[in-house]
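Each chain, written out:
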Amino acid sequence: MGSERRALRYGIIGVGMMGREHLYNLAALPGAMVVAVADPHPGSREAALAATAGLQSVVPSPPLKVFSDHESLLDSGMCDVVVIATPNMTHAQILLDVLAHPKTHHVLVEKPLCTTIEDCYKVLEAAKARPDILVQVGLEYRYIPAVAELLAQVKQNAVGNVRMVAIREHRFPFLVKVNNWNRFNKNTGGTLVEKCCHFFDLMTLIAKSTPVRVMASGSQSVNHLDERYEGKVPDILDNAYVIVEYKNGCRGILDLCMFAEGSRNEQEICVVGDAGKAEAFVPDSIVRLGSRMSGREGVQTYEVHDKRVR
């Protein structure tokens, strides 16, 4: 028998709310361990240490090394993989630093990749120059069990040729983040980048085509209007409609509302083809599948769960 493979050593850059979620998720994965974190915010570093201490009785691991900046973490040589979960506007420079570092660090970066098109191109070019590094963007909605089942059914031609994709997200407002960085478009890239890149990713994945035209209308109607940060009022959208037309004739629509706490499901995804219709509901984790031939009486409704998720 060969020797057992060494666990992958992860470093998490940015251990606010999302970074600590990655910390917990990695603790549940066999063959992975978080060995280091980096964050300039003392409160986040302390919270990461507390989270790790709480996990020790369940998943014993080496003492966590804590850094105040990502450069020191990269220079430590401790990590095989880094997870970037910092504020959006910092992604570009951190990614460029990782991709320029002499040591190979594979990367999972939280969405969005960057907040501007220009920075995205810079990162793409830097990544092409490092074929030894795998860079993945955390577009995890693809892997939500009900969504993954919908994608599988579409791929298996259950609805025929896809003609329409409708995605509704009706949810709660943006959460409070460190120093309230997520209240302003200049930091997030805007709501349709910060939050909705998930849905444009799914639309394009389902349409299997290239967008050629976009029409949109949005507003800040309810949320954060009474907040002030250094005298400035937040400027992020809290509702929008977006229509995307694709080269192959498929159309997608996003219906976003972020003051809809009274919703049963946060996400409802509907795909209609020339032979049928598939829907996914999250978090109910329900899929509905029907065909034009079988009509309303033939619609199947079933729950979907992934037993691999711990």
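Here the structure is a predicted model, which means the values were calculated and not measured.

*Asks:* Quick rundown of the overall build of the chain? Include the residues and the values.
*Replies:* Scanning the chain from N- to C-terminus turns up nine helices and 14 strands. Relative to the 2.2 N^0.38 estimate, which gives 19 Å for 310 residues, the radius of gyration of the chain is 21 Å and therefore close to what a compact globule would have. Taking the principal axes of the C-alpha coordinates as reference, the chain spans close to 65 × 60 × 40 Å. Counting all 310 residues of the chain, 43% fall into the buried class. Within the chain, residue pairs in contact and separated by at least 24 positions form 68% of the contacts whose partners lie at least 6 positions apart. Carbon and sulfur atoms provide 55% of the accessible area of the chain, an area that totals close to 16600 Å². When the 34 basic and 35 acidic side-chain charges of the chain are each reduced to a single mean position, those positions are 5 Å apart.

*Asks:* For the UniProt feature "domain: Gfo/Idh/MocA-like oxidoreductase C-terminal" (unreviewed entry) in the chain, give the residues involved together with the corresponding values.
*Replies:* Taking the numbering used here, the UniProt-annotated feature "domain: Gfo/Idh/MocA-like oxidoreductase C-terminal" (unreviewed entry) corresponds to residues 153-284. Across residues 153-284, helical content stands at 17% and strand content at 36%; the span's end C-alpha atoms are separated by 18 Å.

*Asks:* Describe in detail the pairing of strand S4 (residues 81-84), supporting the description with residues and values.
*Replies:* Burial along S4 is two-sided: the face carrying Val 81 and Val 83 and the face carrying Val 82 and Ile 84 are both buried. As defined by bridge partners, strand S1 (residues 8-13) adjoins S4 across four bridges and the pair is classed as parallel. In the sheet register, Gly 11 faces S4, and the bridge partner there is Val 82. The sheet contact formed by S4 and strand S5 (residues 106-110) spans four bridges and is parallel. Across the sheet, Val 82 pairs through a bridge with Val 107, a residue of S5.

*Asks:* Can you tell me about a nonpolar patch on the surface, naming the residues and giving the values?
*Replies:* A surface patch of nonpolar side chains, about 240 Å² in accessible area, is lined by Met 17, Phe 172 and Leu 175. Among the structural elements, Leu 175 can be located in the loop between strand S7 (162-170) and helix H7 (185-188). Looking at Leu 175, the relative accessible area reads 39%, which means it is partly exposed.

*Asks:* Which residues make up the sheet that holds strand S13 (residues 286-291), and what values do they have?
*Replies:* Taking strand neighbours across the sheet as the criterion, the eight strands line up as S8-S9-S10-S7-S11-S12-S13-S14 in an open arrangement whose pairing is mixed. Of all strands in the sheet, those with a lone pairing partner are strand S8 (211-219) and strand S14 (300-303), marking the two edges. Shown here is a sheet whose adjacent strand axes are inclined to one another by a mean of 10°, direction ignored. The pairing of strand S12 (residues 276-282) with S13 spans six bridges and is classified as antiparallel. If you follow Glu 279 over to S13, its bridge partner there is Arg 288.

*Asks:* Any chance you could break down the packing of helix H1 (residues 17-27) against helix H2 (residues 42-55) for me, citing the residues and the numbers?
*Replies:* In the contact formed by H1 and H2, the axes pass within 10 Å of each other and the chain directions differ by 20°. Classified by the angle their axes make, H1 and H2 are roughly parallel. Handedness of the crossing formed by H1 with H2: right-handed. Between H1, through Arg 20, Leu 23, Tyr 24 and Ala 27, and H2, the contact on the second element is made entirely by Ser 44, Ala 47, Ala 48, Ala 51, Thr 52 and Leu 55.

Rules and cut-offs
- Residues numbered from 1 in each chain as written.
- Predicted model: local features only at pLDDT ≥ 70, side-chain atom pairs only at ≥ 80, totals over all residues.
- Heavy atoms only, no water.
- Helix = DSSP H or I, 4+ residues; strand = E, 2+ residues; numbered from the N terminus.
- Rg over C-alpha atoms; globule rule 2.2 N^0.38 Å.
- Buried < 20%, exposed > 50% of the residue type's maximum accessible area, 1.4 Å probe, protein only.
- Contact = heavy atoms within 4.5 Å.
- Areas by Shrake-Rupley, 256 points an atom, 1.4 Å probe, with all protein chains shown as cover.
- Lys, Arg positive; Asp, Glu negative; His and termini not counted.
- Charge placed at Lys NZ, Arg CZ, Asp CG, Glu CD.
- UniProt positions renumbered as here; feature names shortened; annotations may be inferred.
- Pairing = 2+ DSSP bridges.
- Patch = residues over 30% accessible without salt bridge, like charges linked within 9 Å, V, L, I, M, F, W, Y side chains within 5 Å.
- Salt bridge = Lys/Arg side-chain N within 4 Å of Asp/Glu carboxyl O.
- Axes fitted to C-alpha atoms, helices over the stretch in contact; angles between N-to-C directions.
- Parallel < 35°, antiparallel > 145°, perpendicular 65-115°, else oblique.
- Left-handed = near helix turned anticlockwise from the far one by under 90°.

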